[in-house]
Amino acid sequence: MYYRFGKAFYFISILLFVFFLLYFYSALPESVGLSIDESGVLNRNWEKGSFFYAMVGAFVIFNAIILYPPKSLETKSNKKLHRIFPVGDSYRDYFLAWFYSFGGILNLSLALLVFFCSLDQ
């Protein structure tokens, strides 16, 4: 039961990340500032397209790493993991809920990163 809430939170966080990325990408100038020194001058700049593709790449890589264990458990492709958490076990529900919730938190963090980088302009 818990993993369904985790899965719903995960998919809502994906939609939020995609919305933030597309919305703020359209509002970004050609140069995106990534760090600011004490006097308020931008130290590191990326091009708008490089920032966009870096965020998409980070999103895909992080989600692939985080969602490998629960997807392999749900599809029964990992036999050792399926033996540890068989169908009907209460810890299986906690295991799946933890990974989906962690993926949702990671996606929200990436969305906040995009939001923060759009504010530095």
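Residues numbered from 1 in each chain as written. Predicted model: local features only at pLDDT ≥ 70, side-chain atom pairs only at ≥ 80, totals over all residues. Heavy atoms only, no water.

A. Just the overall build of the protein chain, in detail. The number of helices and strands found in the protein chain is 4 helices and 2 strands. Counted from the first residue to the last, the protein chain has its helices and strands arranged as α-β-β-α-α-α. A compact globule built from 121 residues would reach a C-alpha radius of gyration of about 14 Å, whereas the protein chain, at 18 Å, exceeds it by more than 25%. Along the three orthogonal principal directions, the C-alpha set of the protein chain runs to about 55 × 25 × 25 Å. The long-range fraction of contacts in the protein chain, counting pairs at least 24 apart against all pairs at least 6 apart in sequence, stands at 64%. Approximately 7700 Å² of the protein chain is accessible, and the part contributed by carbon and sulfur atoms is 68%. With 10 positive and 8 negative side-chain charges, the protein chain shows a separation of 21 Å between the mean positions of the two kinds. (Helix = DSSP H or I, 4+ residues; strand = E, 2+ residues; numbered from the N terminus. Rg over C-alpha atoms; globule rule 2.2 N^0.38 Å. Contact = heavy atoms within 4.5 Å. Areas by Shrake-Rupley, 256 points an atom, 1.4 Å probe, with all protein chains shown as cover. Lys, Arg positive; Asp, Glu negative; His and termini not counted. Charge placed at Lys NZ, Arg CZ, Asp CG, Glu CD.)

B. Fine view of a nonpolar patch on the surface. Nonpolar side chains collect at one region of the surface, where Met1, Tyr2, Phe5, Tyr91 and Tyr94 lie side by side and expose about 650 Å² of accessible area between them. Relative to the helices and strands, Phe5 is located in helix 1 (residues 2-27). (Patch = residues over 30% accessible without salt bridge, like charges linked within 9 Å, V, L, I, M, F, W, Y side chains within 5 Å. Salt bridge = Lys/Arg side-chain N within 4 Å of Asp/Glu carboxyl O.)

C. Highlighting the side chain of Asn107. Its location among the elements puts Asn107 in helix 4 (residues 90-119). Side chain to side chain, Asn107 and Asn63 meet in a polar contact 3.0 Å long. Dropping the residues within four chain positions of it, Asn107 is found in contact with Tyr10, Ser13, Ile14, Phe17, Phe59 and Asn63. (Polar contact = N/O pair within 3.5 Å; in protein donor to acceptor, adjacent residues only side chain to side chain.)

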